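Residues per chain, in single letters:
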Amino acid sequence: MRLEIFDFIDDTMNLIEENQGVIKEGTHEINEFFEEMFLPYDNVLNIVSRVKSQKSLKEKILRQDFYLKYKSPENLVENLSDLIGVRIECRFIEDEKDVYERVLDTFNIQGAKGYYYNEKNPSILLKLDDKQPQLQKNGFGIYKIDGIYKNGKRTTNFELQIQSLVNV
C-alpha cells in the first residue's frame, strides 16, 4: 500500500512539470526585467534566478508538512512563495538597504493587497508592505520579498532576495 503523502508529492511534481513552460517563461521575463532595472547600478553585481528543483520541493513538502496544510497539489502550488527565486546580488551588506530602497522606488504603483508594480511590466508585482529586512532563524536579517508573476489568468509566485556577496 502506497502512502498518501507520496501520491501528494508525485501529483505536485506532475503539476509543476505540466506547467514547466509557463514557469520557465515567467522566470525568464522576471530575470530580464530585474537585469534591465537594477544591473545599471554600481552596487549591483548580478541578478540570479532559479526554479525550485524537484528534490528541494519534495524536501520542503515533507519538512513543512505541506501535505497536511494544503488540500491539493494545486492549492500548494498556488501558495508556494518561492517556486521561482530571484536574487539581486550586491557588493556589501550596507548596499542591501540601498538596493531595497531602489526596489521601493522602482515598484511605485500600488496594486491590490499590498502589491506594487512598475509601469514597464505590470505582470511583475512585489509585496512591499512587509517589514524588511526579515529576521532569519540564524539571527541575521535578509531582504526577502514575495512576488507574483501574472501571465494572463495564471499567476506564479516568486521570491526576491537582496543579498551582499558575504551573504551569498
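The rules we used
Residues numbered from 1 in each chain as written. Predicted model: local features only at pLDDT ≥ 70, side-chain atom pairs only at ≥ 80, totals over all residues. Heavy atoms only, no water. pLDDT = per-residue confidence, 0-100. Helix = DSSP H or I, 4+ residues; strand = E, 2+ residues; numbered from the N terminus. Phe/Tyr/Trp six-rings, centres within 6.5 Å; stacked < 30°, edge-to-face > 60°. Buried < 20%, exposed > 50% of the residue type's maximum accessible area, 1.4 Å probe, protein only. Arc of directions from axis to C-beta. Contact = heavy atoms within 4.5 Å. Axes fitted to C-alpha atoms, helices over the stretch in contact; angles between N-to-C directions. Parallel < 35°, antiparallel > 145°, perpendicular 65-115°, else oblique. Left-handed = near helix turned anticlockwise from the far one by under 90°. Patch = residues over 30% accessible without salt bridge, like charges linked within 9 Å, V, L, I, M, F, W, Y side chains within 5 Å. Areas by Shrake-Rupley, 256 points an atom, 1.4 Å probe, with all protein chains shown as cover. Salt bridge = Lys/Arg side-chain N within 4 Å of Asp/Glu carboxyl O. Lys, Arg positive; Asp, Glu negative; His and termini not counted. Charge placed at Lys NZ, Arg CZ, Asp CG, Glu CD.

1. Overview of the confidence of the model for the protein chain
Confidence along the protein chain averages 93 in pLDDT terms, with 98% of residues attaining 70 or more. The lowest-confidence element of the protein chain is strand E6 (residues 134–135), averaging 90 in pLDDT; the highest-confidence one is strand E4 (residues 115–118), averaging 98.

2. Concerning the packing of aromatic side chains
Applying the stated rule across the entire model yields seven aromatic pairs. Each ring, one from Phe34 and one from Phe107, has its centre 5.8 Å from the other, and the planes form 25°; the classification is stacked. Of this pair, Phe34 sits in helix H2 (residues 20–38) while Phe107 sits in the loop between helix H6 (93–106) and strand E3 (109–110); the two residues are 73 residues apart in sequence, bridging distant segments of the chain. Grouping residues by exposure puts Phe34 and Phe107 together as buried. Here the aromatic rings of Phe38 and Tyr41 are separated by 6.3 Å at their centres, their planes lie at 50°, and the arrangement is tilted.

3. Focus: helix H3 (residues 54–63)
Among all positions of H3, only Leu57, Lys60 and Ile61 are buried. Projection of H3 onto a plane perpendicular to its axis shows the buried side chains occupying an angular sector of 100°, all on one side. Turned more than 90 degrees away from the buried face of H3, the exposed residues are Lys55 and Arg63. As for H3, its buried residues are in contact with helix H1 (4–18), helix H4 (66–69) and helix H5 (73–79). In the stretch just after H3, Asp65 is the one whose phi turns positive, near 55°.

4. Some remarks on the environment of Thr156
Relative to the helices and strands, Thr156 resides in strand E8 (residues 154–164). Given a relative accessible area of 9%, Thr156 falls into the buried group. A C-alpha to C-alpha distance of 8.6 Å links Thr156 and Val22, two positions 134 residues apart in sequence. Ignoring anything within four residues of it in the chain, the contact list for Thr156 reads Val22, Leu83, Ile84, Gly147, Ile148 and Tyr149.

5. What to know about the side chain of Asn43
Note that Asn43 resides in the loop between H2 and strand E1 (44–51). Judged by its relative accessible area of 10%, Asn43 is buried.

6. So, the packing of H1 against H3
Where H1 meets H3, the axes come as close as 11 Å, and the angle between the chain directions of the two elements is 140°. Considering the angle they form, H1 stands oblique to H3. The handedness of the crossing between H1 and H3 comes out as right-handed. Residues Ile5, Phe8, Ile9, Thr12, Met13, Ile16 and Glu17 of H1 pack against Gln54, Leu57, Lys58, Ile61 and Leu62 of H3.

7. Description of a negative patch on the surface
A cluster of like negative charges, contributed by Asp11, Glu17, Glu18, Glu74 and Glu78, occupies part of the molecular surface. Listing elements by their share of the negative patch, those giving two or more residues are H1 and H5. It is H1 that contributes the most residues to the negative patch, three residues altogether. On the secondary structure map, Glu17 appears in helix H1.

8. Re the environment of Arg154
Considering the arrangement of structural elements, one finds Arg154 in strand E8. Separated by 76 residues in the primary sequence, Arg154 and Glu78 place their C-alpha atoms 9.7 Å from one another.

9. A word on the environment of Leu57
Within the fold, Leu57 resides in helix H3. Between the C-alpha atoms of Leu57 and Asp95, which are 38 residues apart in sequence, the distance is 31 Å. When near neighbours in sequence (up to four residues on either side) are disregarded, Leu57 contacts Thr12, Met13, Ile16, Lys52 and Leu80.

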